[in-house]
Amino acid sequence: ESMARRFWPGEDAVGKKFITGPWGPKPAWSTIIGVVSDVKQFGLDSEPSMDLYFPSLASRYLILRTAADPLSLAVAVQRELQAIDPGLAISDVRTMDRILEESADSRRWTAGLLSAFAGMAVVLALVGIYGVMSWTVSQRIREIGIRMALGADRGQVLKMVMLYGTKLCGIGLGIGVAGTFA
């Protein structure tokens, strides 16, 4: 389809001829006998390529569509193919679901790796916030002691520390967002 759209836009490509052999005084010509749908040869996220199929040169595949479990039919299909041609080599029996999974494996692995790094970043951020808050509170031990001696209860002191921590986090978030946009 991609090739037909590119070289014969708005026309039927069947019956058209094009050069497939060496360029020169006697090039080899081929005639289009059919147009197949676009195929994504290099994965589901790739663009369809302009492919040519020559029956005498192509590998042979047998693709079956079934309502039953495909792997349960594999042995019977192999047996029938061997009955037709005993010298036929049969290999790489897979379901379309497995082929699609294999196509998405690299994306799945990349997403898993990204998730792992994001999780480590969150843990590091939490450890950093805990460390800064712990250091800040340890620097204000005397102030906290004086406040409690003058009548502040535990809730007021906790509120003071949490407001300070929230202010620091807000400043950090603001700098981080500004840095991201920059």
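Residues numbered from 1 in each chain as written. Predicted model: local features only at pLDDT ≥ 70, side-chain atom pairs only at ≥ 80, totals over all residues. Heavy atoms only, no water.

Looking now at the overall build of the protein. When helices and strands are tallied, the protein shows 5 helices and 2 strands. The order of α-helices and β-strands along the protein, N terminus first, is α-β-β-α-α-α-α. For 182 residues, the compact-globule estimate of 2.2 N^0.38 gives 16 Å, and the C-alpha radius of gyration of the protein, at 34 Å, exceeds that figure by more than 25%. If one aligns the C-alpha atoms of the protein with their principal axes, the spans along those axes are about 100 × 45 × 25 Å. The burial tally for the protein puts 12% of its 182 residues in the buried class. In the protein, of all internal contacts separated by at least 6 residues, the share reaching a separation of at least 24 is 33%. Working note: accessible area of the protein is about 15,100 Å², and carbon and sulfur atoms make up 64% of it. (Helix = DSSP H or I, 4+ residues; strand = E, 2+ residues; numbered from the N terminus. Rg over C-alpha atoms; globule rule 2.2 N^0.38 Å. Buried < 20%, exposed > 50% of the residue type's maximum accessible area, 1.4 Å probe, protein only. Contact = heavy atoms within 4.5 Å. Areas by Shrake-Rupley, 256 points an atom, 1.4 Å probe, with all protein chains shown as cover.)

Before going further, it helps to spend a moment on the packing of aromatic side chains. Under the definition given, this model contains 2 aromatic pairs. Taken together, F7, W8 and F18 form an aromatic cluster joined through their ring pairs. We note R140 situated over the ring of Y164; from NZ or CZ to the ring centre the distance is 5.3 Å. (Phe/Tyr/Trp six-rings, centres within 6.5 Å; stacked < 30°, edge-to-face > 60°. Lys NZ or Arg CZ within 6 Å of the ring centre and 35° of its normal.)

A few words now on the packing of helix α4 (residues 141–149) against helix α5 (residues 154–181). Following both chains from N to C, one finds α4 and α5 inclined at 145°, their axes separated by 10 Å at the closest point. α5 is crossed by α4, and the crossing has right-handed handedness. In contact with E143, I144, R147 and M148 of α4, α5 contributes R154, V157, M160 and V161. Looking at the contact of α4 with α5 residue by residue, the class counts come to 5 nonpolar, no polar and 3 charged. (Axes fitted to C-alpha atoms, helices over the stretch in contact; angles between N-to-C directions. Left-handed = near helix turned anticlockwise from the far one by under 90°. Nonpolar A, V, L, I, M, F, W, Y, C, P; charged D, E, K, R; others polar.)

So, about helix α3 (residues 96–139). The end-to-end C-alpha distance of α3, which contains 44 residues, comes to 64 Å, matching closely the 64 Å that a straight helix rising 1.5 Å per residue would cover. Roughly 45° is the biggest bend found in α3, and it falls at A104. (Expected span 1.5 Å × (residues − 1). Bend = angle between axes of the 7 residues up to and from the residue.)

Here the focus is the packing of α3 against α5. Interaxial distance between α3 and α5 falls to 11 Å at its minimum, and their mutual angle equals 135°. Our classification of the angle between α3 and α5 gives oblique. Judged by the twist between their axes, the crossing of α3 over α5 is right-handed. Facing I129, V132, M133, T136 and V137 of α3, the residues of α5 in contact are V161, Y164, G165, L168 and C169. Residues of the contact of α3 with α5, tallied by class, amount to 8 nonpolar, 2 polar and no charged. (Parallel < 35°, antiparallel > 145°, perpendicular 65-115°, else oblique.)

So, about the side chain of S30. Inspection of the secondary structure assignment puts S30 in strand β2 (residues 29–31). If near-sequence neighbours (up to four positions away) are discounted, S30 is found in contact with K16, K17, F18, T20 and F54.

When pLDDT is averaged along the protein, the result is 87; 98% of the residues meet or exceed 70. Confidence scores differ between elements of the protein, with strand β1 (residues 17–19) showing the lowest mean pLDDT of 85 and α5 the highest of 92. (pLDDT = per-residue confidence, 0-100.)

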